[in-house]
Amino acid sequence: AYRLTVSEIIDDLRVADEMLRRFERLYRLSSDQFFELYSQGLLDNGEHLHDFSQWAGFYKLRRRRLEAFNRASQERVTQLRTTGVPIQLERLVSRG
């Protein structure tokens, strides 16, 4: 199974965050509150079905990518701790 790189995870988070902010501005509702209502079937999504489906999709994507990022980060911390020396974080050199 393909495993996303940390850079890909962060890129996905950036896109998801941008889209969530867009929907929050349009509907003046936090994504957490929207998703709770959406999950409970409490929204009349007739004319907004496409928006609401996208909003829910980006919400789920963000949640999955945050979980993946937290797992990758924890793996890195575990790896760094096993060296027995003070942890020195290195900055990733930008490729462009």
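Up top you'll find the structure we're talking about.
Each chain carries its own residue numbering, running from 1 in the written order of its sequence. Given that the model is predicted, a residue must reach a pLDDT of at least 70 before its local features are reported, and side-chain atom pairs must reach 80 or more before they are shown or counted; all residues, however, enter totals for whole chains, interfaces and linings. Water and hydrogen atoms were dropped before computing side-chain values, which therefore reflect all heavy atoms in the structure.

Some remarks on the environment of A68
Looking at the element boundaries, A68 is found in helix α3 (residues 49-81). Considering only alpha carbons, one finds A68 and T5, 63 residues apart in sequence, at a separation of 9.6 Å. Put simply, DSSP H or I for four residues or longer makes a helix, DSSP E for two residues or longer makes a strand, and each gets a number counted from the N terminus.

Quick look at helix α2 (residues 31-39)
With a 1.4 Å probe rolled over the protein chains alone, any residue whose accessible area is under 20% of its type maximum counts as buried; one over 50% counts as exposed, and the rest are partly exposed. Those residues of α2 not exposed but buried are S31, F34 and F35. Viewed along the axis of α2, the buried residues span an arc of 95°, placing them on a single side of the element. Elements that come into contact with the buried residues of α2 comprise α1 (6-27) and α3. At the exit of α2 stands G41, carrying a positive phi of roughly 70°. In this description, one arc is meant: the one made by directions from the helix axis to the C-beta atoms. Every residue pair with non-hydrogen atoms within 4.5 Å of one another is taken to be in contact.

Description of the pattern of salt bridges
Note on definitions: salt bridges are taken to be side-chain nitrogens of Lys or Arg within 4 Å of carboxyl oxygens of Asp or Glu. Scanning all chains against the criterion turns up 5 salt bridges. Across the salt bridge formed by R65 and D12, the nearest N and O atoms sit 2.8 Å from each other. Of this pair, R65 sits in helix α3 while D12 sits in helix α1, and the two are 53 residues apart along the sequence. Given a relative accessible area of 17%, R65 falls into the buried group.

Structural notes on unusual backbone geometry
Phi is mostly negative for residues that are not glycine, and the peptide bonds are mostly trans. Positive phi values are uncommon outside glycine, yet R28 reaches one of about 50°. Examined against the element boundaries, R28 turns out to sit in the loop between α1 and α2.

Topic: the environment of L43
Here L43 is to be found in the loop between α2 and α3. In this structure L43 comes out as partly exposed when scored by relative accessible area, which is 24%. Placed 22 residues apart in sequence, L43 and R21 show a C-alpha to C-alpha distance of 19 Å. Non-local contacts of L43, meaning those with residues more than four positions away in its chain, are made with F34, L37, Y38 and F52.

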